[in-house]
Amino acid sequence: MKNIIFLAPPAAGKGTLSEMLQEKYGYGHISTGDLLREEVKKGSLLGKEAESLMKAGKFVPDELILKLIKNRIVKPDCNNGYILDGFPRTIVQAEKYDELLKELNKDLGVVIYIEIDKEMAMRRACSRITCPKCGRIYNKYSNEMKPKKEGICDDCGEKLIQRADDSEETFNKRFDEYIEKTMPLYDYYKKKGVLKTIKAYESKYDTFDEAIKVIEE
Ligand code: ADP
């Protein structure tokens with residue numbers, strides 16, 4: 001299976017699509033945001049360093065992220081393909097990742113760019129709720145993404161929370177950070193000939209169908 005990198009602004013639907021693709025194809029799912037939130041919850045040194053940056057909508061330093069990725073992609077669930085959801089987010093991360101792939105003799109795979117306008121992404125971020133235990137993503141105002149029981153995770157019964165960085169103010173900062181530091185990756189991967197573009201639709205199933213097409217091409 002081709003490895004997948006999602007390239008998209010915050011709240012474009014990377015996490016939701018990753019969950020759906022993981023279920024369909026058995027991909028390993030690597031979300032750097034989830035990995036960081038776990039570290040914050042554990043109160044580790046890395047978590048302490050990341051917490052204030054994440055709350056401010058800033059990126060966590062490249063070296064810390066690369067450490068997380070190095071440990072994660074060698075886990076057995078990644079042997080038959082994995083999805084990178086939230087990494088690389090800077091040119092330095094992309095270059096270091098290329099070196100790591102060479103070292104491990106692994107393929108880059110396909111980079112899927114999700115096109116979404118800022119208003120739609122902002123709306124999604126502000127109505128997103130997540131399970132702090134399993135990471136599953138819900139949306140308060142979407143019929144297809146609402147939990148069965150209000151405020152409770154369908155899978156583990158945990159109380160759902162709004163992420164600290166899903167406020168309007170932090171979203172704006174995260175979006176600016178994305179435009180400045182992540183958007184250059186579009187050209188970086190386009191030049192390599194591995195970039196595919198899909199659209200974020202109102203329904204996650206329509207977006208999923210487009211993703212399947214580019215993966216199976
Ligand atoms: P979203 O799903 O809204 O795109 P994520 O959960 O992927 O957000 O990321 C949340 C936050 O974690 C980011 O705003 C950033 O502070 C930090 N983060 C996640 N991945 C990276 C990365 N690759 N490089 C730097 N910071 C990161």
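None of these values were measured; they are calculated from a predicted model.

## Describing the overall build of the chain
Turning to step 1, where the next piece is worked out: A count of helical and extended segments in the chain gives 9 helices and 7 strands.
Turning to step 2, where the next piece is worked out: For the chain, whose C-alpha radius of gyration is 16 Å, the value lies close to the compact-globule estimate of 17 Å for 217 residues.
Turning to step 3, where the next piece is worked out: Oriented by its inertia axes, the alpha-carbon framework of the chain measures out at about 45 × 40 × 35 Å.
Turning to step 4, where the next piece is worked out: Counting only contacts in the chain whose residues sit at least 6 apart along the sequence, the fraction spanning at least 24 positions is 70%.

## What to know about the packing of helix α6 (residues 118-127) against helix α7 (residues 168-182)
Turning to step 1, where the next piece is worked out: Between α6 and α7, the least distance of the axes is 10 Å, while the angle of their chain directions is 135°. Of the possible angle classes, the one that applies to α6 and α7 is oblique. Along this stretch, α6 crosses α7, giving a crossing that reads as right-handed. Counting all contacts with α6, which are made through Lys 118, Ala 121, Met 122, Ala 125 and Cys 126, the residues of α7 involved are Glu 168, Phe 171, Asn 172, Arg 174 and Phe 175.
Turning to step 2, where the next piece is worked out: In the contact of α6 with α7, the residues fall into 6 nonpolar, 1 polar and 3 charged.

## Describing the environment of Asp 165
Turning to step 1, where the next piece is worked out: Looking at the element boundaries, Asp 165 is found in the loop between β6 (137-139) and α7.
Turning to step 2, where the next piece is worked out: Between the C-alpha atom of Asp 165 and that of Gly 28, which follows or precedes it by 137 residues, the distance is 25 Å.
Turning to step 3, where the next piece is worked out: With residues near it in sequence (within four places) discarded, Asp 165 still touches Met 54, Thr 170, Phe 171 and Arg 174.
Turning to step 4, where the next piece is worked out: Among the polar contacts made by the side chain of Asp 165, one reaches the side chain of Arg 163 at a distance of 3.0 Å.

## So, the packing of helix α4 (residues 62-72) against helix α5 (residues 91-104)
Turning to step 1, where the next piece is worked out: It is the contact of α4 with α5, at a shortest axis distance of 10 Å, that shows an interaxial angle of 30°. Crossing of α4 against α5: the hand is right-handed. The segment α4 lies against α5, with Asp 62, Ile 65, Leu 66, Ile 69 and Lys 70 engaging Val 92, Gln 93, Lys 96, Tyr 97 and Leu 100.
Turning to step 2, where the next piece is worked out: Grouping the constituent residues of the contact of α4 with α5 by class yields 6 nonpolar, 1 polar and 3 charged.

## Remarks on the UniProt feature "binding site: AMP" (unreviewed entry) in the chain
Turning to step 1, where the next piece is worked out: Residues given the UniProt feature "binding site: AMP" (unreviewed entry) here are Thr 32, Arg 37, Lys 58, Phe 59, Val 60, Gly 86, Phe 87, Pro 88, Arg 89, Gln 93, Arg 163 and Arg 174. An extended arrangement is adopted by the annotated residues: their sequence extent is 143 residues, and the largest C-alpha distance between any two is 24.5 Å.
Turning to step 2, where the next piece is worked out: Looking at where Arg 163 falls in the secondary structure, it is placed in the loop between β6 and α7.
Turning to step 3, where the next piece is worked out: Leaving out residues up to four positions away in the same chain, Arg 163 has contacts with Arg 37, Arg 128, Thr 130 and Arg 174.
Turning to step 4, where the next piece is worked out: Filtering out sequence-adjacent residues up to four positions away, Arg 174 remains in contact with Pro 10, Gly 57, Ala 125, Arg 128, Arg 163, Asp 165 and Asp 166.

## Points about the environment of Ala 50
Turning to step 1, where the next piece is worked out: The residue Ala 50 is located in helix α3 (residues 45-55) in this model.
Turning to step 2, where the next piece is worked out: Ala 50 sits in the buried class, given a relative accessible area of 0%.
Turning to step 3, where the next piece is worked out: Here the alpha-carbon distance between Ala 50 and Thr 170, two residues 120 residues apart in the chain, equals 15 Å.
Turning to step 4, where the next piece is worked out: Residues contacting Ala 50, with those up to four places away along its chain left out, are Leu 36 and Val 60.

## Describing the packing of aromatic side chains
Turning to step 1, where the next piece is worked out: Taken as a whole and assessed by the stated rule, the structure comprises 6 aromatic pairs.
Turning to step 2, where the next piece is worked out: An angle of 90° between the planes, with centres 5.4 Å apart, marks the rings of Phe 87 and Tyr 97 as edge-to-face. Of this pair, Phe 87 sits in the loop between β3 (82-85) and α5 while Tyr 97 sits in helix α5, and the two are 10 residues apart along the sequence.
Turning to step 3, where the next piece is worked out: Residue Phe 87 is classed as buried on the basis of its relative accessible area, which comes to 0%.
Turning to step 4, where the next piece is worked out: You can call Tyr 97 buried: its relative accessible area is 0%.
Turning to step 5, where the next piece is worked out: Between Phe 171 and Phe 175, the aromatic rings sit 5.8 Å apart at their centres with planes inclined by 35°, giving tilted as the arrangement. Here the residue Phe 171 and the residue Phe 175 both occupy positions in helix α7, the gap between them amounting to 4 residues, near one helical turn. The exposure classification of Phe 171 matches that of Phe 175, with both residues buried.
Turning to step 6, where the next piece is worked out: Site record: aromatic cluster; members linked through ring pairs are Phe 171, Phe 175 and Tyr 178.

Here is what the cut-offs are and how they apply
- Residues numbered from 1 in each chain as written.
- Predicted model: local features only at pLDDT ≥ 70, side-chain atom pairs only at ≥ 80, totals over all residues.
- Heavy atoms only, no water.
- Helix = DSSP H or I, 4+ residues; strand = E, 2+ residues; numbered from the N terminus.
- Rg over C-alpha atoms; globule rule 2.2 N^0.38 Å.
- Contact = heavy atoms within 4.5 Å.
- Axes fitted to C-alpha atoms, helices over the stretch in contact; angles between N-to-C directions.
- Parallel < 35°, antiparallel > 145°, perpendicular 65-115°, else oblique.
- Left-handed = near helix turned anticlockwise from the far one by under 90°.
- Nonpolar A, V, L, I, M, F, W, Y, C, P; charged D, E, K, R; others polar.
- Polar contact = N/O pair within 3.5 Å; in protein donor to acceptor, adjacent residues only side chain to side chain.
- UniProt positions renumbered as here; feature names shortened; annotations may be inferred.
- Buried < 20%, exposed > 50% of the residue type's maximum accessible area, 1.4 Å probe, protein only.
- Phe/Tyr/Trp six-rings, centres within 6.5 Å; stacked < 30°, edge-to-face > 60°.

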